[in-house]
Amino acid sequence: MTQTYSNLNIDERGVARLTLNRPEVHNAFDDSLIAELNEHLAKLHDAARHGEVRVVVLGSEGKSFSAGADLNWMKRMVEYDFEGNLADSRKLSQLMHGLDTLPCPTLCRVQGAAFGGAVGLAACCDVVIASEKAKFCLSEVKIGLSPAVISPYVQRALGSRQMRRYALTAEVIDADKALELGLAHQIVGHDHIDEAVEEMIATLLAGSPQAQRATKALLAEVARDSDSKATREHTCRVISELRVSAEGQEGLTSFFEKRRPAWADDNTNSSERRS
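Rules of the game
Residues numbered from 1 in each chain as written. Predicted model: local features only at pLDDT ≥ 70, side-chain atom pairs only at ≥ 80, totals over all residues. Heavy atoms only, no water. UniProt positions renumbered as here; feature names shortened; annotations may be inferred. Phe/Tyr/Trp six-rings, centres within 6.5 Å; stacked < 30°, edge-to-face > 60°. Buried < 20%, exposed > 50% of the residue type's maximum accessible area, 1.4 Å probe, protein only. Lys NZ or Arg CZ within 6 Å of the ring centre and 35° of its normal. Helix = DSSP H or I, 4+ residues; strand = E, 2+ residues; numbered from the N terminus. Pairing = 2+ DSSP bridges. Right-handed = clockwise from strand over helix to strand, strands pointing away. Polar contact = N/O pair within 3.5 Å; in protein donor to acceptor, adjacent residues only side chain to side chain. Contact = heavy atoms within 4.5 Å.

Under an unreviewed UniProt entry, the chain has the name Enoyl-CoA hydratase/isomerase family protein and belongs to Billgrantia sulfidoxydans. As its UniProt record puts it under Sequence similarities (unreviewed entry), the chain is described as follows: "Belongs to the enoyl-CoA hydratase/isomerase family."

Okay, the packing of aromatic side chains next. This model, assessed by the stated rule, comprises one aromatic pair. Ring geometry for Phe-255 and Phe-256: centres 5.4 Å apart, planes at 70°, overall edge-to-face. Accessibility classification places Phe-255 together with Phe-256 in one group, the exposed group. Here the basic side chain of Arg-22 rests over the ring of Tyr-5, its NZ or CZ set 4.7 Å away from the ring centre.

This next bit is on the pairing of strand E2 (residues 15-20). Burial runs high along E2: five of the six residues are buried. For strand E1 (residues 6-10) and E2, the ladder comprises five bridges, and the chain directions are antiparallel. Across the sheet, Ser-6 pairs through a bridge with Leu-20, a residue of E2. Taken together, E1 and the strand that follows it, E2, pair antiparallel across an intervening segment of four residues, in which Gly-14 is found at a positive phi of about 90°. Looking at chain direction, E2 and strand E3 (residues 55-60) are connected through six bridges and run parallel. Opposite Leu-20, over in E3, you have Ser-60 as the bridge partner. Between the parallel pair E2 and E3, the chain is carried across by helix H1 (residues 31-49), and the sense of this crossover is right-handed.

To continue, consider the side chain of Arg-109. When you line up the elements, Arg-109 lands in strand E4 (residues 106-110). The exposure class of Arg-109 is buried, given its relative accessible area of 16%. Within the local environment of Arg-109, its side chain forms a polar contact with the side chain of Asp-194, the two groups lying 2.7 Å apart. With near-sequence residues (within four places) excluded, Arg-109 lies in contact with Leu-58, Gly-59, Ser-60, Phe-65, Ile-129, Ile-193, Asp-194 and Val-197.

Structure representation (structure tokens):
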């Protein structure tokens, strides 16, 4: 039987849990884990586009979220030539881009240390809920490297000024500081992280699946070009298309009729079936 280092489970609500499962090495990632995650993300992209997945929760087993790059993998990389390193880096870049562009809400559960590339994983998710014990660190410069591949996503979360400091100093960022910097959205007691994750899942499931997909794509477009004539026209078209769509009509009608929209009732019924 082939050993796997991650798990993907999708429940009947359409909540997908993508879990790093290498607790013995603090969920450090290597080329094998990156390849697995890329395969999972390809499946999730397709499922989310078809409405089969509503929310993706990225998490890990054990006390650490992820220690970043695996030591044995790093030893192998020392022997790679430029082209070998470039190929490896492109796979990591594919992972970050795939997570960042999933067409549904993503939620990152950070229960402990998130170092190196793991900071990138968190930054690529739409919502980050972290334990009070969580710690983040862009540690690459301490070993002569750079947080290069993850930098577009982490800088977007931190802002360029703070990114300069923490990428150059490799200081450890505690949970409260991560919240202040915008790297995390919510800090909770260590024993309550799963409860907080479930509450956020429920909040996300209350939204229109179509509207969430459209909004996420729209925000990415606005971030690239915030105030051009083309962007302004695009925003007008997005809201107009949503208003006349079946799901948009259902949302507006349910609001005026003071009832839950169909997608919210579907998730309530799923919860009742599980209980």
